[in-house]
Structures are given as C-alpha cells and as structure tokens.
Amino acid sequence: MTAIRATNLSKRYGPTVAVAELSFDVEPGRVTGFLGPNGAGKSTTMRMILGLDRPSGGAVLVDGRPYHELRHPLRKVGALLDAKAVHGGRSARDHLLAIAQSNGLPASRVEQVLETVGLREVARRRVGGFSLGMAQRLGIAAALLGDPEILLFDEPVNGLDPDGILWIRTLMRELAAEGRAVFVSSHLMSEMAQTADHLIVIGKGRLIADTGVDEFIARSSQGYVRVRSPRLAEVADLIGTGERHPDHLRVTAMSTLEIGTLTARAGIPLEELTHVRPSLEAAYMELTKDSLEYTS
Ligand SMILES: Nc1ncnc2c1ncn2[C@@H]1O[C@H](COP(=O)(O)OP(=O)(O)OP(=O)(O)O)[C@@H](O)[C@H]1O
C-alpha cells in the first residue's frame, strides 16, 4: 500500500500560501527525496503528514488513514523534524525511555536503537551537551523506536560533517532496502541525487516534478551543443536548427559529430564545438528558478 498519499493538500497562514494543492504518493521500499528551495513548504507538508498542522484544504493519509486515526502512530511512522527540540537535562537513554514508555514500546528497543545510531557509549550523558551530529543521531533513534514502516526526515544532513552525512545517507538507504518508505527533505539536489530513488520537487508550495532520480538525471544531463564561428549566421542556416545567442549557437537537436560534418563539408570554419552538460544542480536551479522566494 502507498505509505503516504497527499491529495490537493493545501495550507494557508493568513495571506501566505505555504502549500498549494499538492498531490503526491510516497511508496515503500525506496527513498523519496522531497526537494525545494527554502520556504517552498517542505516542513509545512511534513507537519501536516504528522498531524501537527491542520490542512486548509485537501488531505494527507498515512497508510490509508489520517495520522491522528493511527492506532499505534510510532509503530507506523517515525519522524525527525527538529533535532534540537529535546529536553536538555535528560540523558539520551532516559529521553528515549520516556518516549518508549509513553507509547507502550518495550525498554529493550531503547538499547537496540542506541546501538543502531552509535550512541551507546554516550547514552548516560546529558542531551544538553550533545553536538548537532549527536542530537541528529538521537532524533533518528527516537524515530526508529517503534520500528516503523514509514520514516520522515526533515533536512537531516543540515549542519553535519561529511562523516555524519555519509552515515545518514547509508542509514536511509538501508531502511529503504528493508522495505520501508523513507521520505526525506532537502534543498540540495546534489545531496538527493546520491540518496534518493525518487524525487518530489516543490516550489512555492506547488508540485514542480514527480520523477525518478535516474530519469531526472538523464533528462537534465542531455545538455546542448555550443557552436561558435566567425560565420555563425551561415552555420545556423546550414543546420536549420538551434537557438541564436550573440556570440554562439545553442543546439539540442544535433550531435557535435553531425554539426561538425555539415560545417566541414560546407567549408565553414568553427571556433568552438562543445557538448555542454549542465550539472544536476544547474538543472534543478533551472527547474525551480520561477519559484524562489528570495533571489539574490
Ligand atoms: N507558522 C507559520 N506562520 C506563518 N507562516 C508560516 C508558518 N510556517 C511556515 N510559514 C510560511 O510558509 C512558507 C513555507 O514554509 P516551510 O517552512 O514549510 O518551507 P520549507 O520548504 O520547509 O523551507 P525551509 O527549508 O526554509 O524550512 C514560508 O513562506 C513560511 O514563511
């Protein structure tokens, strides 16, 4: 069954439209990246999935039900929203024990998740003294407590060092390989390209793309051929395609070999004939450029 289904999901805060008629599915067994620039509405959407915010319109279902109707919510869905939102005076173990107890989960799970996230050695230390990386691990431990089928992570790699980033990335891949649905938000395409199988891209609260990562990469890395020549107008006439720029021609419908063969036959000299492949980040910027809240 579809793990999360949003249908025309909308959220307004006064005059601000945070999420607008957003429809998407999150499927089990894969990492779904939730991508969008700052302020796109990712956190708001995640909060609505978890029943922390009420939609102004539409609906979002977790395993076919609204979150508040789930009988054992922590066994169904685990979430890391804000890693620093924990009681600083408690030890890591006591923090997790409190969550386990109030949700009818066995204390033995606490030891298991401490092991999974690598916090066993520091389990007796006060959470208040934890680094961001340790707080992230603790938040993930809490999300895993109920052994849930569905996991939500809001910008989990923000502020982490490369070791921490690699660790979270590997964990998310493992959780998906176990058949769980992993839904993770980020504003970085490069990060998602290395972690996600599927992408849901939003901008200004609206759906921009719902696509496989491989598909996105294949489509965006096609690129174009840049042709420069002292006789550019003749090149354009000869090949009969391409977009004219002041000092070059941009061609998507022909390869470098095809263009080079034609111009060589016609005896037209070329200054440049390059296949330009935009980076993934550039393709993503292009996709979301109309939906940035603030532009520099
Ligand atoms: N409680 C609130 N009251 C008023 N406006 C809000 C509230 N929460 C979010 N917004 C607005 O809704 C929009 C979406 O915000 P949201 O935090 O969901 O975006 P985001 O994609 O998670 O961005 P970021 O990556 O910056 O956290 C923004 O314009 C934000 O200012």
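Every value quoted in this text rests on a predicted model; they were computed, and no experiment measured them. Counting restarts for each chain, with residues numbered from 1 along the sequence as it is written. Totals for whole chains, interfaces and linings use all residues, but because this is a predicted model, local features are given only for residues with pLDDT of at least 70 and pairs of side-chain atoms are given and counted only at 80 or more.

**Some remarks on the overall build of the protein chain**
Right, on to step 1. Labels follow the DSSP assignment, with helices taken as runs of H or I lasting at least four residues and strands as runs of E lasting at least two, numbered in each case from the N terminus. Within the protein chain one finds 11 helices and 13 strands.
Right, on to step 2. Based on C-alpha atoms, the radius of gyration is set beside the globule rule, defined as 2.2 Å times the residue count to the power 0.38. Relative to the globule expectation of 19 Å for 296 residues, the C-alpha radius of gyration of the protein chain, 24 Å, shows a markedly less compact shape.
Right, on to step 3. Dimensions of the protein chain along its principal axes, counting C-alpha atoms only, are 80 × 45 × 35 Å.
Right, on to step 4. We call a residue exposed when 12 or fewer other C-beta atoms sit within 10 Å of its C-beta, buried when the count reaches 20 or more, and partly exposed for counts in between; the C-beta positions come from the backbone. Per-residue burial over the protein chain gives 35% buried out of 296 residues.
Right, on to step 5. For every residue pair, C-beta atoms are placed from the backbone, and the pair is scored as a contact if these atoms sit within 7 Å. A separation threshold of at least 6 residues defines the contact pool for the protein chain, and within that pool the share at least 24 residues apart is 70%.

**Things to note about the sheet that holds strand β13 (residues 272-276)**
Right, on to step 1. Only when DSSP finds a minimum of two bridges between them are two strands counted as paired. Taken together, 4 strands build an open sheet; the order of strands is β11-β12-β10-β13 and the sheet is antiparallel. Taken across any chain shown, the strands that pair with only one partner, and hence form the sheet edges, are β11 (243-244) and β13.
Right, on to step 2. Sheet topology places β11 next to strand β12 (residues 249-251); 2 bridges connect them, and they run antiparallel. Within β12, the residue paired with Glu243 across the bridge is Arg250.

**A word on the site of the ligand**
Right, on to step 1. For each residue, a C-beta atom is placed from the backbone, and the residue is labelled near a molecule or strand when this atom is within 6 Å of it. Every residue lining the ligand is accounted for by Tyr13, Thr16, Ala18, Gly36, Asn38, Gly39, Ala40, Gly41, Lys42, Ser43, Thr44 and His187.
Right, on to step 2. Note that Gly is not counted as nonpolar here; it falls among the polar residues with everything else outside the nonpolar set of Ala, Val, Leu, Ile, Met, Phe, Trp, Tyr, Cys and Pro and the charged set of Asp, Glu, Lys and Arg. Per-class residue counts for the shell around the ligand are 3 nonpolar, 8 polar and 1 charged.

**Remarks on the environment of Gly36**
Right, on to step 1. Residue placement: Gly36 occurs in the loop between β3 (31-35) and α1 (42-49).
Right, on to step 2. C-alpha separation for the pair Gly36 and Ala236, spaced 200 residues apart in sequence, amounts to 37 Å.
Right, on to step 3. Among all residues touching Gly36, those that are not within four sequence positions of it are Gly41, Lys42, His187, Val201, Ile202, Gly203 and Thr288.

**Some remarks on the domain arrangement of the protein chain**
Right, on to step 1. In terms of domains, the protein chain is made up of domain 1 (4-212) and domain 2 (224-276).
Right, on to step 2. Here the C-alpha centre of domain 2 lies 49 Å away from the C-alpha centre of domain 1. Here the limits of each domain have been adopted from an automatic or database domain assignment.

**A short note on helix α5 (residues 132-144)**
Right, on to step 1. Here a helix's expected span is defined as the number of its residues, less one, multiplied by 1.5 Å. With 13 residues, α5 ought to run about 18 Å at 1.5 Å a step, and its terminal C-alpha atoms sit 18 Å apart, in line with that.
Right, on to step 2. Within the span of α5, buried status applies to Ala135, Gln136, Arg137, Leu138, Gly139, Ile140, Ala141, Ala142, Ala143 and Leu144.
Right, on to step 3. For α5, the secondary structure elements touched by its buried residues are β5 (77-80), α3 (92-102), α4 (107-116), β6 (150-154) and α6 (162-177).

**Regarding the packing of α3 against α5**
Right, on to step 1. Only C-alpha atoms enter the line fits that serve as axes; for helices the fit covers just the stretch in contact. Angles between N-to-C directions range over 0 to 180 degrees. It is at 10 Å that the axes of α3 and α5 come closest, and there the two elements cross at 25°. In terms of orientation, α3 lies roughly parallel with respect to α5. The element α3 and its partner α5 pack so that their crossing is right-handed. Contacts between α3 and α5 involve Ala92, His95, Leu96 and Ile99 on the former and, on the latter, Leu138, Ala141 and Ala142. Oblique is the label for any angle not covered by the other classes, which are roughly parallel (under 35 degrees), roughly antiparallel (over 145) and roughly perpendicular (65 to 115). Should the near helix be turned counterclockwise from the far one by less than a right angle, the crossing is left-handed, whereas a clockwise turn marks it as right-handed.

**Description of the pairing of β3**
Right, on to step 1. Across the 5 residues of β3, 5 count as buried, placing the element largely inside the fold.
Right, on to step 2. Burial along β3 is two-sided: the face carrying Val31, Gly33 and Leu35 and the face carrying Thr32 and Phe34 are both buried.
Right, on to step 3. Both β3 and strand β8 (residues 198-203) contribute to a ladder of 4 bridges, which runs parallel. Considered in β8, the bridge of Phe34 is made with Ile200.

**Focus on the nonpolar core**
Right, on to step 1. With 64 residues, the main nonpolar core has Ile4, Leu96, Ala141, Leu145, Val182 and Phe183 as its most contacted residues.
Right, on to step 2. With 7 residues, α5 is the single largest residue contributor to this core.
Right, on to step 3. Setting aside residues up to four positions removed in sequence, Phe183 forms contacts with Ile4, Val26, Thr32, Phe34, Leu151 and Leu152.
Right, on to step 4. With 7 residues, the next largest nonpolar core counts Val235, Leu249, Val251 and Ile259 among its residues. Buried Ala, Val, Leu, Ile, Met, Phe, Trp, Tyr and Cys residues whose C-beta atoms connect them within 7 Å together make up a nonpolar core.

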